[in-house]
Amino acid sequence: MNIEWYIVLSSLLFAVGAMGILIRRSPVVILLCLELMLNAGNLALVAFSRMVGNQQGQIFAIVVMVVAACEVVVGLGLIVAIFRRKLPLDVDSLRELRG
Amino acid sequence: MEAVLFFLAAIGALGGAVGVVAMRNPFYGVLALIVHLFSLAVLFLLLTSAFVAAAQVVVYAGAVMVLYVFVVAYVGGTESAWEPIPGQRFLAPLLGIALFVELSIAVLASSLLALGTHGPDVNPGFGDPAAIGRLLLERFLIPFEASSILLLLAAVGAVVLAGRLGTGGVSKGTVRGSSEHSSEAPAERSEDPLTVPSHAGGGTA
């Protein structure tokens, strides 16, 4: 398969993830959609790494995985903290910082 | 054969992504994301990057998804009713399609001639654990150590975030009772009247 197939698939996945972030209101699902976008970026990185014939893009993809794991840990900790304070798990209701 | 595998994995990845967005129950969303991650691992294997595919399955579909499953089971399927801001339901897919079209134009109209090829022929050791490990521990040692520090910071931050209210209390009643004696009780009291009217206002606006 040509590389552009992978790149187009990656941009499609990225668009689906962005759409999910715009539509959904539960913080858990928004984190899941963030994962979709990060994985789309990973797919593009690995595809470009194959296109160039160089393994550095794969290193970059592994670092992105680490960053995604950190983001998941902090985000899920936030969600658990929100849940334990009995605040509504809804990004439209959690508007304290917005004033 | 490769094309068949690519299209199967692409359909799996796309179906998983759409499932994450469309499922009302977050638990099913997590399961759809697991399907998506496995399909992406197949795609990584097709791109001859075995180590990234293995890390994807072990780290992502194994560890991270277990974390998600635990949190979703703890928080529960408390997905609020499908009631977005008016027009959001139609504007968001429009924006998503616009983003996809824009990205596709940017990729396909770029002058990267190698996009239309398979990529160069690589030796059999391309992307296997030995090569990646050598690269990671020799040339990219500083990013490797930086990411390990980042992981440590994230672990500490998660403990601080999740463990602030629970000072030994297990059930919600004791957490509630202990928090009333702590210094955070006024903040919590003042938040409750704030969030309820704003939620009602968000429904009407």
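As shown above, the structure is provided for reference.
Residues numbered from 1 in each chain as written. Chains lettered and ligands numbered in written order. Predicted model: local features only at pLDDT ≥ 70, side-chain atom pairs only at ≥ 80, totals over all residues. Heavy atoms only, no water.

Notes on the packing of aromatic side chains
The description of an aromatic ring pair uses the distance of the two centres, along with the angle that the planes make with each other. What counts is decided by this rule: Stacked, edge-to-face and tilted labels apply to pairs of Phe, Tyr and Trp rings (six-membered ring for Trp) whose centres lie within 6.5 Å, assigned for plane angles under 30 degrees, over 60, and everything in between, in that order. Note on conventions: DSSP H or I runs of at least 4 residues are helices, E runs of at least 2 residues are strands, and numbering of each starts at the N terminus. Burial classes: relative accessible area under 20% of the type maximum marks a residue as buried, over 50% as exposed, and values in between as partly exposed (1.4 Å probe, protein chains only).
Taken as a whole and judged by the stated rule, the model has 5 aromatic pairs over all chains. Centre to centre, the rings of A:Trp5 and B:Phe6 are 6.3 Å apart; their planes meet at 75°, and the pair counts as edge-to-face. Separated into two different chains, A:Trp5 in helix 1 (residues 3-23) and B:Phe6 in helix 1 (residues 2-22) make up a pair that spans both. For the ring pair A:Tyr6 and B:Phe6, a centre distance of 4.7 Å and an interplane angle of 70° mean the geometry is edge-to-face. With A:Tyr6 in helix 1 and B:Phe6 in helix 1, this residue pair bridges two chains. By the burial criterion, A:Tyr6 is buried, and B:Phe6 matches it. The structure contains a cluster of three or more aromatic residues connected by ring pairs, namely A:Trp5, A:Tyr6, B:Phe6 and B:Phe7.

Examining the interface of chain A and chain B
As a reminder, the rule being used: The contact definition used throughout considers only heavy atoms, calling two residues in contact when any of these lie within 4.5 Å. Throughout, buried area stands for the accessible area (probe radius 1.4 Å) lost by two parts on being put together, summed over both. Whenever Lys or Arg places a side-chain nitrogen within 4 Å of a carboxyl oxygen from Asp or Glu, that contact is recorded as a salt bridge. Each polar contact in these results corresponds to two N or O atoms within 3.5 Å; when the atoms are within protein, one needs to be able to donate a hydrogen and the other to accept it, and residues that are neighboring in sequence are counted only if both atoms are side-chain atoms. Note on residue classes: Ala, Val, Leu, Ile, Met, Phe, Trp, Tyr, Cys and Pro are nonpolar, Asp, Glu, Lys and Arg are charged, and everything else, Gly too, is polar.
At the junction of the two partners, chain A supplies 73 residues and chain B supplies 96 residues. Between chain A and chain B, roughly 8,100 Å² of surface is buried when both sides are summed, and carbon and sulfur atoms account for 73% of that area. When residues of chain A are sorted by the area they lose upon contact with chain B, A:Met1, A:Arg50 and A:Arg85 head the list and together hold 10% of the total. The tally of links between chain A and chain B comes to 0 salt bridges. Run the count over chain A and chain B and you get 6 residue pairs in polar contact (both at pLDDT 80 or more). Elements supplying a minimum of two residues to the side of chain A that touches chain B: helix 1, helix 2 (27-52) and helix 3 (56-84) of chain A. With 22 residues, helix 3 of chain A is the largest single contributor of residues to the side of chain A that touches chain B. A class-by-class count of the residues in the side of chain A that touches chain B yields 48 nonpolar, 14 polar and 11 charged.

A look at the side chain of A:Ser49
Secondary-structure assignment places A:Ser49 in helix 2. A polar side-chain atom of A:Ser49 sits 2.9 Å from the main-chain carbonyl oxygen of A:Asn54. Filtering out sequence-adjacent residues up to four positions away, A:Ser49 remains in contact with A:Asn54, A:Gln55, A:Gly57, A:Gln58 and B:Phe126.

Notes on a nonpolar patch on the surface
Residue and element names in this part refer to chain B. Stated precisely, the cut-off is as follows: Nonpolar side chains (Val, Leu, Ile, Met, Phe, Trp, Tyr) are joined into patches within 5 Å and like charges within 9 Å, using only residues with over 30% relative accessible area and no salt bridge. Working definition of accessibility: Shrake-Rupley area with a 1.4 Å probe, residue cover restricted to the visible protein chains.
Residues Met1, Val4, Leu5, Leu8 and Val42 make up a contiguous nonpolar surface patch of roughly 500 Å² in combined accessible area. At 3 residues, the largest contribution of residues to the nonpolar patch is made by helix 1. The topology assignment puts Met1 in the segment before helix 1. Judged by its relative accessible area of 77%, Met1 falls in the exposed class.

Notes on unusual backbone geometry
Even without being a glycine, B:Thr48 presents a positive backbone phi close to 50°. By secondary structure assignment, the location of B:Thr48 is in the loop between helix 2 (26-46) and helix 3 (50-75).

Details of the environment of A:Phe14
Within the secondary structure, A:Phe14 is located in helix 1. Given the relative accessible area of 29%, A:Phe14 is considered partly exposed. As for A:Phe14 and A:Asn39, which are separated by 25 residues in sequence, their C-alpha atoms are 8.2 Å apart. Residue contacts for A:Phe14: discarding those within four places in its chain leaves A:Met37, A:Ala40, B:Leu99 and B:Leu103.

Details of the environment of B:Ser49
Looking at the secondary structure, you find B:Ser49 in the loop between helix 2 and helix 3. Measuring from C-alpha to C-alpha, the distance between B:Ser49 and B:Glu102 comes to 28 Å, with 53 residues separating the pair along the chain. Among residues more than four places away in sequence, those in contact with B:Ser49 are A:Val46, A:Gln58, B:Phe44 and B:Gly127.

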